[in-house]
Amino acid sequence: MNYKNAKDVLPEYLIIEIMKYTDGGLVYFPARESKKSWGSLTGLRNELKERDTRIIRDHKNGSSIYELGEKYYLSQSSLYRIINKR
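Presented here is a report on the structure given in the accompanying data block.

Procedures and definitions
- Every residue gets a number counted from 1 within its own chain, in the order that chain's sequence is written.
- A pLDDT threshold of at least 70 governs which residues receive local features in this predicted model, and a stricter bar of 80 or more applies before side-chain atom pairs are shown or counted, although totals over entire chains, interfaces and linings include all residues.
- Hydrogen atoms and water are omitted, and side-chain values are computed over all heavy atoms in the structure.
- Fitting a line to C-alpha atoms yields each axis, with helices limited to the stretch in contact; the angle taken between N-to-C directions then spans 0 to 180 degrees.
- Only DSSP runs of H or I reaching four residues or more are called helices, and only runs of E reaching two or more are called strands; each is numbered from the N terminus.
- Here a crossing is taken to be left-handed if its near helix is turned anticlockwise relative to the far helix by less than a right angle, and right-handed if that turn runs clockwise.
- Any two residues having at least one pair of non-hydrogen atoms within 4.5 Å are treated as being in contact.
- Polar here means any residue outside two lists: the nonpolar Ala, Val, Leu, Ile, Met, Phe, Trp, Tyr, Cys and Pro, and the charged Asp, Glu, Lys and Arg; Gly therefore counts as polar.
- Take the buried residues of types Ala, Val, Leu, Ile, Met, Phe, Trp, Tyr and Cys, join any two whose side-chain atoms come within 4.5 Å, and each joined set is a nonpolar core.
- Exposure is judged per residue with a 1.4 Å probe applied to protein chains only, and the accessible area is read against the type maximum: over 50% gives exposed, under 20% gives buried, and values in between give partly exposed.
- An angle below 35 degrees is treated as roughly parallel, one above 145 as roughly antiparallel, one from 65 to 115 as roughly perpendicular, and anything else as oblique.
- One side-chain nitrogen of Lys or Arg within 4 Å of one carboxyl oxygen of Asp or Glu is enough to make a salt bridge.
- Relevant arc is that of directions from the helix axis to the C-beta atoms, nothing else.

## Quick notes on the packing of helix α3 (residues 44–60) against helix α4 (residues 65–72)
Item 1. Two elements in contact, α3 and α4, have axes whose closest approach is 10 Å; the angle formed by their N-to-C orientations is 145°. In this structure, the crossing between α3 and α4 has a hand that is right-handed. Across the interface between the two elements, R51, R54, I55, D58 and H59 of α3 pack against I65, L68, K71 and Y72 of α4.
Item 2. Tallied by class, residues from the contact of α3 with α4 come to four nonpolar, one polar and four charged.

## Some remarks on the nonpolar core
Item 1. Listed in full, the eight residues of the largest apolar core are I55, I56, I65, L68, Y72, L79, I82 and I83.
Item 2. Of all the elements in the fold, those that place two or more residues in this core are α3, α4 and α5 (76–85).
Item 3. When neighbours within four sequence positions are excluded, L68 is seen to be in contact with I55, D58, H59, S63, Y73, L79 and I83.

## Describing unusual backbone geometry
Item 1. Phi is positive for Y73, close to 60°, though the residue is something other than glycine.
Item 2. Turning to its location among the elements, Y73 is positioned in the loop between α4 and α5.

## A few points about the packing of α3 against α5
Item 1. Taken N-terminus to C-terminus, the directions of α3 and α5 make an angle of 90°; their axes are 10 Å apart at the nearest point. Judged on the interaxial angle alone, α5 and α3 are roughly perpendicular. For the pair formed by α3 and α5, the contact residues are R51, D52, I55, I56 and H59 on the first element and L79, I82, I83 and K85 on the second.
Item 2. Residues of the contact of α3 with α5, tallied by class, amount to five nonpolar, one polar and three charged.

## Some thoughts on the pattern of salt bridges
Item 1. Taken as a whole, this structure holds five salt bridges when the rule is applied.
Item 2. Across the salt bridge formed by D52 and R51, the nearest N and O atoms sit 2.8 Å from each other. The residues D52 and R51 share a single accessibility class, namely buried.
Item 3. Among the salt bridges present, the one from K85 reaches D52, with a minimum N-O distance of 3.5 Å. In this pair, K85 sits in helix α5 while D52 sits in helix α3, placing the two residues 33 residues apart along the sequence.
Item 4. Residue D52 is classed as buried on the basis of its relative accessible area, which comes to 5%.

## A closer look at α4
Item 1. I65, L68, G69 and Y72 are the residues of α4 that are buried. The buried side chains of α4 occupy one side of the element, clustering within an arc of 105° when seen end-on. Residues of α4 that are exposed and point more than 90 degrees away from the buried face comprise Y66 and K71.
Item 2. Where α4 is buried, its residues meet α3 and α5.

Below is the structure:
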């Protein structure tokens, strides 16, 4: 979150009007654009989906949970969650 001083970005008349409701307090203004879903900006969501697909494929091809843990650096519980989710 990026904080800015109201004096730097708002006209004085608007600051005075806002101060009638919250004198000296913090006010949050949401961004204009709609909120992006988690991982959509960095591509991480797609990377994890592709990784999970590889894990499931490897498991179906006979790799054990231990082998998958060593290969993907994940705990057994995480691997079970990924495999059972699909």
